[in-house]
Amino acid sequence: MQPEMEQKEKSLKQRLVLKNTLAKETLSEFLGTFIMIEDSLLLSHQGSPDIGIGRPFCLYWCEKDKLQCIFPITEKRFRSTELQIWGVLGCGSVAQAVLSRGHFGGIITINTGFSMAVAMAIYVSAGVSGGHINPAVSFALCLFGRMKWFKFPFYVGAQFLGAFAGAATLFGIYYDALMSFAGGKLLIVGENATAHIFATYPAPYLSLVNAFAEQVVATMFLLIVIFAIFDSRNLGVPRGLEPVVIGFLIVTIASSLGMNSGCAMNPARDLSPRLFTALAGWGFEVFTVGNNFWWIPVVGPLVGAAAGGLVYFLLIEIHHPDLNPDLEAEQPEDKPEKYELNAIM
């Protein structure tokens with residue numbers, strides 16, 4: 001009887017298993033990005049107790065008093081901007097912070113929450129697709145020959161769909177809280193704004209040129225370190241800890257470069273949730289706020305990813321000492337191919 005049951009289970013598994021490798025990788029990227037968005041959004045609802053949080057709050061004050069917005073020296077405004085940083089990288093973290101008005105989290109929970117969300121998403125999807133969960137990462141890997149170009153649209157499509165699904169799921173989870181937060185209104189700017197839970201918005205003093213430069217530089221650092229982590233001829237990290245190190249990397253970058261516009265570094269993470277908010281009731285003004293800022297977190301990270309890969313290649317990778325060809329050809333037993341940079345984020 002037991003062998004028959006095992007045979008039936010095996011048969012069911014065989015029917016469910018995808019035969020196409022690219023289809024498996026695409027599904028993996030979808031799930032990984034979905035997890036990243038969902039966990040990060042859930043963590044992001046933890047904001048400061050008496051302010052609307054982030055850039056929308058700053059935009060509101062800009063209308064009332066430009067000087068107060070340009071010189072945000074008060075603790076409230078500082079905390080507001082910092083929390084919005086992680087609204088970019090972790091929508092869930094921002095959602096919990098904002099909607100609870102700080103009673104269930106703040107800057108520390110948002111920073112930690114999003115970085116861990118990224119790490120968990122990589123752990124889930126790395127074994128199949130490499131856990132890119134970011135079009136900028138996939139673009140850099142293709143650009144430098146670590147992934148074939150024909151896979152790129154499938155990976156990116158899955159990442160955008162995963163981010164959209166994650167935003168929609170979060171909206172459903174926090175629907176009642178969103179409705180009660182501003183009296184049933186879904187606002188983009190002002191003290192009770194909630195659009196910034198899902199996407200990034202610039203500080204009122206920020207020019208588009210400065211915002212673009214920030215995205216390029218932040219993503220450049222991201223890719224430089226990612227390339228270093230998975231460079232088998234560099235120090236590297238113990239196998240299995242790569243996602244954790246990447247999580248710490250994101251905390252470092254966001255804590256250093258996130259004040260101006262949230263340090264998105266991920267086109268899928270920003271554009272898909274922004275599109276969802278446009279359709280879900282916030283309106284298409286989400287694409288025009290901040291002097292049509294929406295394209296900055298989409299194009300900037302792609303340019304930064306290319307720059308980061310190029311910097312690492314020119315300044316580090318080509319300067320490694322030559323190894324014995326026989327030793328170089330051997331693949332270490334503790335580093336299977338799927339964990340190399342051509343597969344993983």
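Here's what I pulled together on the structure shown here.

Basis of the calculations
- Residues numbered from 1 in each chain as written.
- Predicted model: local features only at pLDDT ≥ 70, side-chain atom pairs only at ≥ 80, totals over all residues.
- Heavy atoms only, no water.
- Helix = DSSP H or I, 4+ residues; strand = E, 2+ residues; numbered from the N terminus.
- Expected span 1.5 Å × (residues − 1).
- Buried < 20%, exposed > 50% of the residue type's maximum accessible area, 1.4 Å probe, protein only.
- Contact = heavy atoms within 4.5 Å.
- Patch = residues over 30% accessible without salt bridge, like charges linked within 9 Å, V, L, I, M, F, W, Y side chains within 5 Å.
- Areas by Shrake-Rupley, 256 points an atom, 1.4 Å probe, with all protein chains shown as cover.
- Salt bridge = Lys/Arg side-chain N within 4 Å of Asp/Glu carboxyl O.
- Axes fitted to C-alpha atoms, helices over the stretch in contact; angles between N-to-C directions.
- Left-handed = near helix turned anticlockwise from the far one by under 90°.
- Nonpolar A, V, L, I, M, F, W, Y, C, P; charged D, E, K, R; others polar.
- Phe/Tyr/Trp six-rings, centres within 6.5 Å; stacked < 30°, edge-to-face > 60°.
- Lys NZ or Arg CZ within 6 Å of the ring centre and 35° of its normal.
- Core = buried A, V, L, I, M, F, W, Y, C linked by side-chain atoms within 4.5 Å.
- Polar contact = N/O pair within 3.5 Å; in protein donor to acceptor, adjacent residues only side chain to side chain.

## Overview of helix α15 (residues 296–315)
Along its 20 residues, α15 runs 27 Å from first to last C-alpha, staying within 8% of the 28 Å computed at 1.5 Å per residue. Residues Ile296, Pro297, Val298, Gly300, Pro301, Gly304, Ala305, Ala306, Gly308, Gly309 and Tyr312 constitute the buried set of α15. For α15, the elements touching its buried residues are α8 (135–143), α11 (208–229) and α13 (267–282).

## So, a nonpolar patch on the surface
Judged by side-chain polarity, Leu310, Phe313, Leu314, Leu315, Ile316 and Ile318 come together as a nonpolar surface patch covering roughly 510 Å² of accessible area. The residue Leu314 is located in helix α15 in this model.

## Considering the environment of Val137
Tracing the backbone shows Val137 in helix α8. Along the backbone, Val137 and Thr219 are 82 residues apart, and their C-alpha atoms lie at a distance of 9.1 Å.

## Remarks on the packing of α8 against α15
Each pair of packed helices can be summarised by the angle the axes make with each other and by the distance between the axes. Taken N-terminus to C-terminus, the directions of α8 and α15 make an angle of 40°; their axes are 8 Å apart at the nearest point. Viewed along their axes, α8 and α15 form a crossing whose handedness is right-handed. Residues Pro135, Ala136, Phe139, Ala140 and Leu143 of α8 form the contact with α15, whose participating residues are Pro301, Leu302, Ala305 and Ala306. For the contact of α8 with α15, a count of residues per class yields nine nonpolar, no polar and no charged.

## Some remarks on the packing of aromatic side chains
The description of two aromatic rings rests on the distance between their centres and on the angle between their planes. For the coordinates displayed, the defined rule picks out 15 aromatic pairs. Aromatic side chains Phe30 and Phe34 sit 6.5 Å apart centroid to centroid with 15° between the ring planes, which places their arrangement in the stacked category. With Phe30 and Phe34 both in helix α2 (residues 21–43), this residue pair falls four residues apart, about one helical turn. With a relative accessible area of 22%, Phe34 lands in the partly exposed category. Through successive ring pairs, a cluster of aromatic residues spans Phe164, Phe171, Tyr175, Phe198, Phe276 and Trp282. Across from the ring centre of Tyr201, 4.8 Å away, lies the NZ or CZ of Arg274, which sits over that ring.

## Structural notes on the pattern of salt bridges
Pairs can form between side chains of opposite charge whenever their charged atoms are close. Following the criterion strictly, the structure yields three salt bridges and no others. The closest approach of N and O atoms between Glu25 and Lys151, which form a salt bridge, is 3.2 Å. Remark: Lys151 occurs in the loop between α8 and α9 (152–173) and Glu25 occurs in helix α2; sequence separation between them is 126 residues. Lys151 carries the same exposure label as Glu25, and that label is buried. For Glu317, the salt bridge goes to Arg146, with nearest N and O atoms at 2.5 Å. Of this pair, Glu317 sits in the loop between α15 and α16 (325–329) while Arg146 sits in the loop between α8 and α9, and the two are 171 residues apart along the sequence.

## Considering the nonpolar core
Ranked by internal contacts, the top residues of the largest apolar core, which has 39 residues, are Met36, Val118, Leu222, Leu223, Ile246 and Ile253. Within the residue set of this core, elements represented by two or more residues are α2, α7 (107–129), α8, α9, α11, α12 (242–257) and α15. The biggest single contributor to this core is α11, with eight residues. Filtering out sequence-adjacent residues up to four positions away, Val118 remains in contact with Met36, Ile133, Ile246 and Ile250.

## Quick notes on unusual backbone geometry
Of note in this structure, Ile133 is not a glycine but carries a positive phi near 45°. Here Ile133 lies in the loop between α7 and α8. Since its relative accessible area comes to 1%, Ile133 is described here as buried.

## Some remarks on the side chain of Ser125
Looking at where Ser125 falls in the secondary structure, it is placed in helix α7. Judged by its relative accessible area of 1%, Ser125 falls in the buried class. In this structure Ser125 touches Ser28, Gly32, Gly130, Gly131 and Ile133, once residues within four positions along its chain are discounted.

## Section: the environment of Ser207
Of note, Ser207 is situated in the loop between α10 (175–181) and α11. Judged by relative accessible area, Ser207 falls into the partly exposed class, the value being 39%. Sequence separation between Ser207 and Asn260 is 53 residues; the distance between their C-alpha atoms is 9.7 Å. At a separation of 3.2 Å, a polar atom in the side chain of Ser207 contacts the main-chain amide nitrogen of Asn210.

## Comments concerning the environment of Ala218
Within the secondary structure, Ala218 is located in helix α11. Residues Ala218 and Gly300 lie 82 residues apart in sequence; the distance between their C-alpha atoms is 9.2 Å. Excluding its chain neighbours within four sequence positions, the residues that come into contact with Ala218 are Ile253, Leu257, Cys263 and Met265.

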